[in-house]
Amino acid sequence: MRSSYEVADVFRLGMESYQRHRRLSARQLKVVRDIQDCRTGALGGHIDACDACGHVRISYNSCRNSHCPKCQSMAREVWLEKRRAELLPVRYFHLVFTLPSELHDLVRYNERLAYNQLFRLAWESLCSLTADKKYLGATTGMVAVLHTWGQNLHYHPHIHCLIPAGGLTKEGKWKEARKNYLVSVKALSILFRAKYISFLRRAHRQGQLKMGGLCAQWSSLHQMNQLLECVYRKDWVVYAKAPFGGPEHALNYLGRYVKRVAISNDRILKVDEEQRRVSFRWRDYADGNKSKVMSLSCEEFIRRFLQHILPKRFSKVRYYGLMANRDKTKRLSLCFKAMGHVFQPKKVDINWQERLYQLTGIDPNFCPCCQQGRMYIFMVLLPSRAPPTSCPPTNTK
């Protein structure tokens, strides 16, 4: 059953109180504004009328913000359709690279740099091991998706990676990975830990890290070395799941993590205006994956949600090796040829009305009243939201 409550309702109820105590960045303000205005008169829309019975329907525009819970379903289906034609006819592995909790504050203050290195070093670690003849001795590929949240909305940066069970050798032959085994997870964890700690040490020494706020405690070289020695003694989590049954299953699984925001509207159970609290469903993986209900104040809910807003124009889905965007068609053609198949790239060219009909069986052009006529645009509604204004320059005299 579709929830009657939305993240936008929590923002409208608690944002004014939240901003009295905390300052939002320009990026956060834009996301909050877009989510509140999504599919409302603020963004404009159009009025449809039936050519048979005259039934009238008002449709408001979407914000299309990548952090909006209402605007990602269609984008996810477009992504899945594009990837289906690129799937190799082999098994796939699922790896998860996670950063330890001791580094969370440092990563949050240096999001763009820390996330970029998380992607790069995870691929470098995997690539160096798969290139070793001890494991695979071939070039493989990887699709990686960044997640920064857990079910309870706490900060938990990690990436989900989808890797084909094999690779292309230097001779242009396809080499299949051993059953249920690609590389040693323990060796991968140790290598990834060493690479990421080395990056942090070098970035701190070269002054590339922002050390304000909660990170000021590690501003000196001695304090930073103490932190890195602490995380080096820990076992970093690189989680490997069993290989999937088939490429289509693998893609559908990864699709659950693509074009996704911290919490969907259907998980919100109640927004209490009197007590200013929000209740939502979540799964406790530490307690047998049980479904539970969490209740938070609106201000705490907003705080947790906003910490997962990514930097502007940051790409949370990345492709490496055989799946890299550059010359992808050429590399995939070689892989298919080596396995005795023919690669047939498919262009996705379908409008949103046809896609909605494929997903839900609902034709938006079909009149829901008389069920005979067709809906046509009768009137265009202009946006009522005022454009953002620039701040007046500060007088420096």
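The notes below deal with the structure included here.

A short note on the pattern of salt bridges
(1) Moving on: For the structure shown, the criterion picks out 18 salt bridges.
(2) Moving on: Here Lys234 ties to Glu102 by a salt bridge, and the two come within 3.2 Å at their closest N and O atoms. Placement of the pair is Lys234 in the loop between helix H7 (221–232) and strand S8 (238–241) and Glu102 in the loop between strand S3 (92–98) and helix H4 (104–108), with a sequence separation of 132 residues.
(3) Moving on: What makes Lys234 partly exposed here is its relative accessible area of 31%.

Digging into a nonpolar patch on the surface
(1) Moving on: Together, Tyr376, Phe378 and Met379 make up an exposed nonpolar region whose accessible area comes to about 320 Å².
(2) Moving on: Relative to the assigned elements, Tyr376 resides in strand S13 (residues 375–381).
(3) Moving on: Residue Tyr376 is classed as partly exposed on the basis of its relative accessible area, which comes to 41%.

Brief notes about the packing of helix H3 (residues 73–84) against helix H8 (residues 247–255)
(1) Moving on: Packing of H3 against H8 leaves a shortest axis separation of 10 Å and a crossing angle of 155°. Relative to H8, H3 is oriented roughly antiparallel. H3 and H8 meet at a crossing whose hand is right-handed. Every residue of H8 that contacts H3 at Arg76, Trp79, Leu80, Arg83 and Arg84 is listed here: Glu248, Leu251, Asn252, Leu254 and Gly255.
(2) Moving on: Residues that form the contact of H3 with H8 fall into these classes: four nonpolar, two polar and four charged.

A closer look at the packing of aromatic side chains
(1) Moving on: For the coordinates displayed, the defined rule picks out 11 aromatic pairs.
(2) Moving on: Ring geometry for Phe192 versus Tyr196: centroids 6.0 Å apart, planes at 50°, classification tilted. Of this pair, Phe192 and Tyr196 both sit in helix H6 (residues 185–205), four residues apart, roughly one helical turn.
(3) Moving on: Under the relative-accessibility criterion, Phe192 is labelled buried at 0%.
(4) Moving on: For Tyr196, a relative accessible area of 0% puts it in the buried group.
(5) Moving on: The side chain of Arg108 reaches across the aromatic face of Tyr155, ending 5.6 Å from its centre.
(6) Moving on: When the ring centre of Phe314 is taken as reference, the NZ or CZ atom of Arg318 above it lies at 4.7 Å.

So, the packing of helix H1 (residues 7–21) against helix H9 (residues 298–306)
(1) Moving on: Two elements in contact, H1 and H9, have axes separated by 8 Å at closest approach and are oriented at 105°. In terms of orientation, H1 lies roughly perpendicular with respect to H9. Of the residues in H9, those touching H1 at Val7, Val10, Phe11, Leu13, Gly14, Met15, Ser17 and Tyr18 are Cys298, Glu299, Phe301, Ile302, Arg303, Phe305 and Leu306.
(2) Moving on: A breakdown of the residues in the contact of H1 with H9 according to their chemical character gives 11 nonpolar, two polar and two charged.

What counts as what
Residues numbered from 1 in each chain as written. Predicted model: local features only at pLDDT ≥ 70, side-chain atom pairs only at ≥ 80, totals over all residues. Heavy atoms only, no water. Salt bridge = Lys/Arg side-chain N within 4 Å of Asp/Glu carboxyl O. Helix = DSSP H or I, 4+ residues; strand = E, 2+ residues; numbered from the N terminus. Buried < 20%, exposed > 50% of the residue type's maximum accessible area, 1.4 Å probe, protein only. Patch = residues over 30% accessible without salt bridge, like charges linked within 9 Å, V, L, I, M, F, W, Y side chains within 5 Å. Areas by Shrake-Rupley, 256 points an atom, 1.4 Å probe, with all protein chains shown as cover. Axes fitted to C-alpha atoms, helices over the stretch in contact; angles between N-to-C directions. Parallel < 35°, antiparallel > 145°, perpendicular 65-115°, else oblique. Left-handed = near helix turned anticlockwise from the far one by under 90°. Contact = heavy atoms within 4.5 Å. Nonpolar A, V, L, I, M, F, W, Y, C, P; charged D, E, K, R; others polar. Phe/Tyr/Trp six-rings, centres within 6.5 Å; stacked < 30°, edge-to-face > 60°. Lys NZ or Arg CZ within 6 Å of the ring centre and 35° of its normal.

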